[in-house]
Structures are given as C-alpha cells and as structure tokens.
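The chain contents come next:
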Amino acid sequence: MTSSPEQKNMHGLRLFLRALRPYRKAIFIALFLLPFGLALQLLQPYLLKVALDAGIEKDSDLMLYIALLLVGTVFVQYGIESVHSYLLQKAGHQALTDVRSQIFRHIMAQRTGFFDRRPVGSLLSRVTSDTEAVGQTFALGLVSILGDFLLVVGTLVTMFVLHAKITAYLLLLGPMIYIVVRIFKRLLRSYADRIRKAVARVNSTLEENITGFKIVRLHRREATSRREYETLTENYYGLYYRFNIADATLFAIMESLAAITIGAILYFSTQPIISGAITIGLVVAFVDYAQRTFRPIKEMSGKLAGLQSGFAALDRMAGSLGYSETMPIAEEPWTNPKGALHFENVSFRYGETSPLVLRDVDLQIQPGEMIAVVGPTGSGKTTLVNLLTRHYKATSGRVLLDGLLIDGIDDTDLREGLGVIRQDVFLFEGTLYENIALGHADISRERVEQAVIELGLNTLLKTDGNLLDHQIEEGGRNLSAGEAQLITLARVFVRNPSIVLLDEATARIDSVTESVLATALDRLKRGRTVVAVAHRLSTVQSADRIVVMCDGQIEETGTHRDLVQQNGLYATLWEQRFDSGAPHKESLDSL
Ligand SMILES: Nc1ncnc2c1ncn2[C@@H]1O[C@H](COP(=O)(O)OP(=O)(O)O)[C@@H](O)[C@H]1O
Ligand SMILES: [Mg+2]
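Fair warning: this is a prediction, and the values are worked out from it, not measured in the lab.

Trainee: Is there a simple way to explain a nonpolar patch on the surface in this structure?
Mentor: Taken together, the side chains of F28, L31, L146, F149, L150, V153, V157 and V161 present a nonpolar region at the surface, about 720 Å² in accessible area. Put simply, the parts of the chain that give the nonpolar patch at least two residues each are α2 (24-56) and α6 (129-162). Sorting elements by how many residues they give to the nonpolar patch places α6 first, with 6 residues. Mapping F149 onto the fold places it in helix α6. Take F149: its relative accessible area is 48%, and that puts it in the partly exposed class.

Trainee: Teacher, can you tell me more about the domain arrangement of the protein chain here?
Mentor: When the parts of a complex come together, some accessible area is lost, and that lost area is often used as the size of the interface. Domain parsing of the protein chain yields domain 1 (1-162 + 303-326), domain 2 (164-277) and domain 3 (341-584). Each of domain 1 and domain 3 has a C-alpha centre, and the two are 53 Å apart. Between domain 1 and domain 3, roughly 400 Å² of surface is buried when both sides are summed, and carbon and sulfur atoms account for 36% of that area. Together, R111, T112 and D116 form the three largest contributors to the area buried by domain 1 at its contact with domain 3, with a combined 81%.

Trainee: What is the right way to read the packing of aromatic side chains from this model?
Mentor: Geometrically, a pair of aromatic rings is defined through the distance of the ring centres and the angle of the planes. By the definition in use, this model includes 11 aromatic pairs. Both rings, one in Y236 and one in Y237, keep their centres 5.0 Å apart while their planes meet at 55°; by these two values the pair is tilted. Residue classification places Y237 among the exposed positions, given a relative accessible area of 54%. Look at F348 and Y392: their rings are 5.7 Å apart centre to centre, the planes differ by 65°, and that puts the pair in the edge-to-face class. With F348 in strand β1 (residues 341-348) and Y392 in the loop between α12 (381-388) and β4 (396-401), this pair connects stretches of sequence that are 44 residues apart.

Trainee: Where do I start with the sheet that holds β1 in this structure?
Mentor: The strands that make up a sheet pair up through hydrogen bonds in the backbone, lying either parallel or antiparallel. The sheet built from 4 strands is open, its strands ordered β2-β1-β4-β5 with antiparallel pairing. For this open sheet the edge positions go to β2 (358-365) and β5 (404-405), each flanked by a neighbour on one side alone. Here β1 runs beside β4; their pairing, made up of 5 bridges, is antiparallel. By the bridge assignment, S347 is partnered in β4 with S396.

Trainee: Looking at this model, I keep getting lost on the packing of helix α7 (residues 164-171) against helix α8 (residues 173-211). Mind explaining?
Mentor: To describe two helices that pack against each other, one gives the angle between their axes and the distance between the axes. Direction vectors running N to C along α7 and α8 enclose 30°, while the axes themselves pass 5 Å from each other. By the angle between their directions, the pair α7 and α8 is classed as roughly parallel. Contacts between α7 and α8 involve Y169, L170 and L171 from the first element and L173, G174 and P175 from the second. Looking at side-chain class alone, the contact of α7 with α8 contains 5 nonpolar, 1 polar and no charged residues.

Trainee: Looking at this structure, I do not really get the sheet that holds strand β9 (residues 499-503). What am I missing?
Mentor: Here 6 strands make up an open sheet; going across it, the order is β6-β9-β10-β3-β11-β12 and the pairing mixed. With one partner strand each, in any of the chains shown, β6 (418-421) and β12 (553-558) form the two edges of the open sheet. Sheet twist, expressed as the mean angle between neighbouring strand axes with direction ignored, is 15°. Relative to strand β11 (residues 545-550), strand β3 (residues 370-374) is paired through 4 bridges, and the arrangement is parallel. In the sheet register, V373 faces β11, and the bridge partner there is V547. Helix α17 (residues 481-495) contacts β6 and β9 of the sheet and is inclined by roughly 175° relative to β6.

Trainee: Quick question: what am I supposed to make of the pairing of β9 here?
Mentor: Successive residues of a regular strand alternate their side chains across the two faces of the sheet. The element β9 is largely enclosed, with a buried count of 5 among its 5 residues. Both faces of β9 are covered, namely the face carrying I499, L501 and D503 and the face carrying V500 and L502. With 4 bridges joining them, β6 and β9 adopt parallel strand pairing. Note on β9: the bridge partner recorded for I421 is L502. For β9 and strand β10 (residues 529-533), the ladder comprises 5 bridges, and the chain directions are parallel. Pairing of D503 across the sheet is with V533, part of β10.

Trainee: Even after reading the chapter, I still don't get the pattern of salt bridges, so can you show me in this structure?
Mentor: Going through the model one piece at a time under the given rule, you end up with 14 salt bridges. Residues R390 and D411 are paired through a salt bridge, measuring 2.9 Å at the closest nitrogen-oxygen approach. Here D411 lies in helix α13 (residues 411-417) and R390 lies in the loop between α12 and β4, a separation of 21 residues in the sequence. Owing to a relative accessible area of 35%, D411 belongs among the partly exposed residues under this scheme. One continuous salt-bridge network, built from bridges that share partners, spans R390, D411 and R415.

Trainee: Whenever I open this one, the site of ligand 1 confuses me. Can you help?
Mentor: Close to ligand 1 lie D116, Y350, V357, P376, T377, G378, S379, G380, K381, T382, T383 and Y392, which account for all nearby residues. Between K381 and ligand 1, the recorded distance is 2.9 Å, taken from a backbone N or O atom to an oxygen atom. Contacts to ligand 1 include T383, whose side-chain N or O atom sits 2.4 Å from an oxygen atom. With 3 residues, the single largest contributor to the shell around ligand 1 is α12. Residues of the shell around ligand 1, tallied by class, amount to 4 nonpolar, 6 polar and 2 charged.

Trainee: For this particular structure, what's the right way to read the nonpolar core?
Mentor: Note on soluble globular proteins: their nonpolar side chains tend to be buried together. Core analysis: the largest hydrophobic core is formed by 45 residues, its most contacted members being L432, I436, V448, L489 and I546. Element by element, the count of residues in this core is highest for α17, at 8 residues. Beyond its immediate chain neighbours, meaning those up to four positions away, L489 contacts I421, L455, L517, A520, L521 and L524. Counting residues in hydrophobic clusters, the runner-up holds 30 residues, among them W334, L363, L384 and Y392.

Trainee: What is the right way to read the side chain of S379 from this model?
Mentor: Residue position: S379 is located in the loop between β3 and α12. For S379, a relative accessible area of 2% puts it in the buried group. In terms of polar contacts, S379 uses its side chain to reach the backbone carbonyl oxygen of P376, at 2.7 Å. Those residues in contact with S379, other than ones at most four positions away along the chain, are V357, M549, C550, D551 and G552.

Trainee: I would appreciate a short explanation of the environment of D360 in the present structure.
Mentor: Tracing the backbone shows D360 in strand β2. Taking the C-alpha atoms as reference, D360 lies 5.2 Å from S347; in sequence the two are 13 residues apart. Excluding anything up to four places from it in sequence, D360 contacts N345, V346 and S347.

Trainee: Would you mind showing me how to read the pairing of β10 here?
Mentor: Burial analysis of β10 places 5 of its 5 residues in the buried class, the great majority of the element. Because side chains alternate across β10, one face comprises the buried residues T529, V531 and V533, and the other comprises V530 and A532, equally buried. Where β3 and β10 come together, 4 bridges link them in parallel fashion. Within β10, the position partnered with I371 by the bridge is V531.

Conventions and cut-offs
Residues numbered from 1 in each chain as written. Chains lettered and ligands numbered in written order. Predicted model: local features only at pLDDT ≥ 70, side-chain atom pairs only at ≥ 80, totals over all residues. Heavy atoms only, no water. Patch = residues over 30% accessible without salt bridge, like charges linked within 9 Å, V, L, I, M, F, W, Y side chains within 5 Å. Areas by Shrake-Rupley, 256 points an atom, 1.4 Å probe, with all protein chains shown as cover. Salt bridge = Lys/Arg side-chain N within 4 Å of Asp/Glu carboxyl O. Helix = DSSP H or I, 4+ residues; strand = E, 2+ residues; numbered from the N terminus. Buried < 20%, exposed > 50% of the residue type's maximum accessible area, 1.4 Å probe, protein only. Domains from an automatic or database assignment. Buried area = accessible area lost by both parts, 1.4 Å probe. Phe/Tyr/Trp six-rings, centres within 6.5 Å; stacked < 30°, edge-to-face > 60°. Pairing = 2+ DSSP bridges. Axes fitted to C-alpha atoms, helices over the stretch in contact; angles between N-to-C directions. Parallel < 35°, antiparallel > 145°, perpendicular 65-115°, else oblique. Contact = heavy atoms within 4.5 Å. Nonpolar A, V, L, I, M, F, W, Y, C, P; charged D, E, K, R; others polar. Near = heavy atom within 4 Å. Polar contact = N/O pair within 3.5 Å; in protein donor to acceptor, adjacent residues only side chain to side chain. Core = buried A, V, L, I, M, F, W, Y, C linked by side-chain atoms within 4.5 Å.

Now the structure itself:
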C-alpha cells in the first residue's frame, strides 16, 4: 500500500485529534485563557512607560498607582498561565496514556507471525519513545507555538500602534534574525540526531555486554568489548562537543542580535525624543517589548522541529495501528473438552514466500493418548505444537480439536482446554503463587499449594516463610533450570486442561531434578491427551505412540517396539543414541 505524505500526515493528525477528544473541555478552557495571559503580558511594558513618564512629570501618586497595577498584572498573568499549562499538560498526558494503551492492546492482539516479522526494539519504541515524542506535541508543542506566535504578533501590533515608524525599522531586522536562527538550528538538529543515534549504539552495546556478560567472559572478549565501547563513547563525546560549540555560538549570536536591536531602538529614537514626539518611557517600553519577543523567536524553530518529529511519530503509530494481523474473533464454545486431536493434511510455511516446514501431516490422536514426537532438529516438531496453540494458522489442511475446527474455537475455551509447556521458560518478578496463578483470580492459593506439593516443587525449593510467597526474581534467575521448569508444569497443572503440549528441554537439568520432574510429568499426564516433543528416554518409551518427523513430514508412527523392529529412521536414531556415549544415555537430545 502506498500513500502520499499528506495522506500519512492526515492519519497522524486524526489519531491526535481522536485521542484529545475526551479532554476537549479542558483544552477549550486553556485556549480561552490564552489571550488573557497574553494581553496582560503586553500591558506590562506599556505600564512601565506610563510609570516612567509620570516619574519624569514628578507625579508620584500616579507612579505608585501604576507600580501596584504592574505587580497586579504580573500576578494575574502567572495565575492564568499556571491554570492554562496545568490543563494542557493534564489533557496531553491523559491522551498520551490512552494512545499508549491503545497501541499496547493492539500489539497484544496480534498473531505470533506479526512478531516474527518485527524487531522487538521497534515495537518497544512505538510504545515508549514515539509516544514520548508525541507527548511533547500533545502537552506543549501546538499550543505553546500558538501562544508564542500570538505574543510576537501582539507585540508588533502594540509597538506599531505606539510608534509605527520605529517599529517599521525594527521589522527590517526580523528576517535577518530568522535566517541566522534557522541555519544554526538546522546544524544543531543534525548534531542532536547524530548524538541520539550514538547514544542508542552506546546503550545497545552496553546492554549486550551486560546481559551477555557470561558469554563475554567465557570467550575472553572483554578487551574487544571494552575497545568497542570506548570507540563508541569517544564518538559520542566528539559529537556532543561540537553540538555544544554550535549551541554556544548560537547563544552568543542571539545575545548580540538582542543588543543590536536595543541599539537600533535607541538610535531610531534619538530624533523623535529631541523633537518631543516620543517620551523616554516609550523608548524603555520598546526595549522591553523587543526583549520579550526575542525568546519566542529564538525558540520557534526548535519547537517547530519538535512538532515535526511529534507528527512523524504519530504517523508511525498510526501506521502500526493500521497494520494488523489480528486473529479473527472465534466464538465456537469448546465445552467439556475430551482431548481428541486431528491434523488433516496439514501443510505450513512461516512466511508467504518461505519454504514449507510441514508437508501433508495427517495425524489422529485419541482422547487420553500419549504421543511422543521425535525427529532431527528443524524437522518441524515445535511447529506442530505452534499450530495447536493457534500461534499460527495452517497454510492448508485442517486442525481439529474434538472435531471442531481450531480456528473457530473461542479463545478462552482454547486457553483453558490446552496446557502448554515450552522450552523457553518465562518467569515474572513476583511470588511463587503469582507466577503459577498468572493473575487468574479463580485459581486459589489452596489449589496452587496442592499443585506445588503434588508436583514435588516443595522438595526442591526451600524458603523460610510460606513457600507460596517465595519471591522469584526477574526471569527466574534465583532458580535452577529444573525448578523453573517445574513452575511451568504447575501453571498448567492448576488449570487442569484436557490436552497437554510439551516441548521439552531437559538437557540442562541435573539428575536429582530430573527424577522429580519425571514424577511431576507423570502426574501431569494422567488422564489427559499428551503431545510431547520428546528428548527424554522415559517419555519416548512410555508413549502410546511415537511420531517420527523428518523434513516436515511424518516418517513413521508406532510404539517403541514396532519402530525398532521396522528398522527405519527411528531405529537408526535409537542406535546412534547407544553409540554416542554417556552424555546421551539418558536423553534423546541427539535426535
Ligand atoms: N518463527 C519462524 N519463522 C520462520 N521460520 C521458522 C520459525 N520457527 C521455525 N522456523 C523454521 O521451521 C523449521 C522447523 O522448525 P521447528 O518446528 O522449530 O523444528 P524442531 O522443533 O523440529 O527443531 C526450521 O527450518 C526453522 O528454521
Ligand atoms: Mg523445537
């Protein structure tokens, strides 16, 4: 799909307006207050003029009166501006929070394939830095640019009314200021961009080396890593240095321009003052006005750039919201699951142009049957499990659960009927109970406690207090591989599904845990249909049927004895296991 830049901008703008809509009342009030604040600001230099002129006339009463008025206007102005900015900030942040959760919900609703094709980093930045950039636009950008613009215009109009000729001369300086500021801001922005990229590189190198520090150390890569890091940080500081020089230069130029402007005001005023056409007060007021407009002019191009990047981020967000691979909503109830599985001529490829990784898989599994799936790495075992969990949809053929097409089954029913234990164990920071119940309110502490005992987790994990409150650290780093795996077993066990899918990885588990795990698995399998991608000898031998996968196809099926007798691929793999020495005696990982 191609769309012109304007069209894309419209998407972003629409997203922006839609998000602000619920808060329009606050925004309207803020916009309504804006001119009052500006008017008070414009009044102040004029009051100064009146006070000074009164001083020259030696009218002390008027001077005092004006002084009080001046203080009053400043107070009221800041009061109004505080309310104004509070309302806008609040509306902006609320809208931003809404957009953030909208994007998060959207991402979470996608099929697994959506994640395969996108780097995690870019998804994260959609939710974090992009929304941050948009936040600047929401909260401050637009309205503050509007306010600055009105202030500059208002000041010029006031000055023009007070003295047209001097104002006209001063206006000639305007384009010069604008051009200088623009050139420098462009330079600064390009440095800022490069600095941002350099920081990102520094951070990702840092992150890689810290998270992978064990590998770094094992391979004695410390020196290389350190050099890499130093080069990157030097590059960063070089850029930062140049940025600062440019920034300081711009500052100096702006200050000089302000001084030149004041000089110009004094110069152009000489004649009218002598002739009595204007008062000293007016000259002072002009200097004050000129100084007040300098800040907004200085900041204008930076704010416009911020606005630009805010809208670019909005477009990216609108783009990612528009792009969807959500699952169709399925509603067929799957009540009383019995656990019959049927792959009917199933073929599958991950991407539209990638090769088939499953080819014509035909497999019928009875309720309560225990199936072991074995085969070489890359033969499609995990993929088979992925189709059952509905992470992916079959490219052709049908997957049926209890005779129901898997695509049509209600999601909650599917998640309750299927229990999945995968190779990658994912643990959250929290208590043992939280890690097992996973936020399901209907899973009681008693239920979890019973599971922990039945699976033998209590014999491994030791803690002073209540075992259920045992604190698990981020990613489960305070647990052994076996303990972590047992927790995932418990997660499935407490939910009592009729089908259990296992993609086992047991190579890293020591023999003490291994025996606890084997008992736990036996306990879990009782009375359920089990499809186990098996590496463990005991799993394969205890299976009702073994399915041997090779190159995306089912090569053989049968019991251990049948298959050994058939003298096919399974028999070969089986013999290799006996030949290949001690480490493989207990596992079929070499398969
Ligand atoms: N997310 C994915 N995207 C693209 N290809 C994949 C993906 N996951 C696995 N594959 C490919 O599919 C094939 C089968 O993989 P898999 O089912 O994981 O094998 P096994 O579990 O038997 O080792 C492999 O060639 C693998 O490279
Ligand atoms: Mg696998």
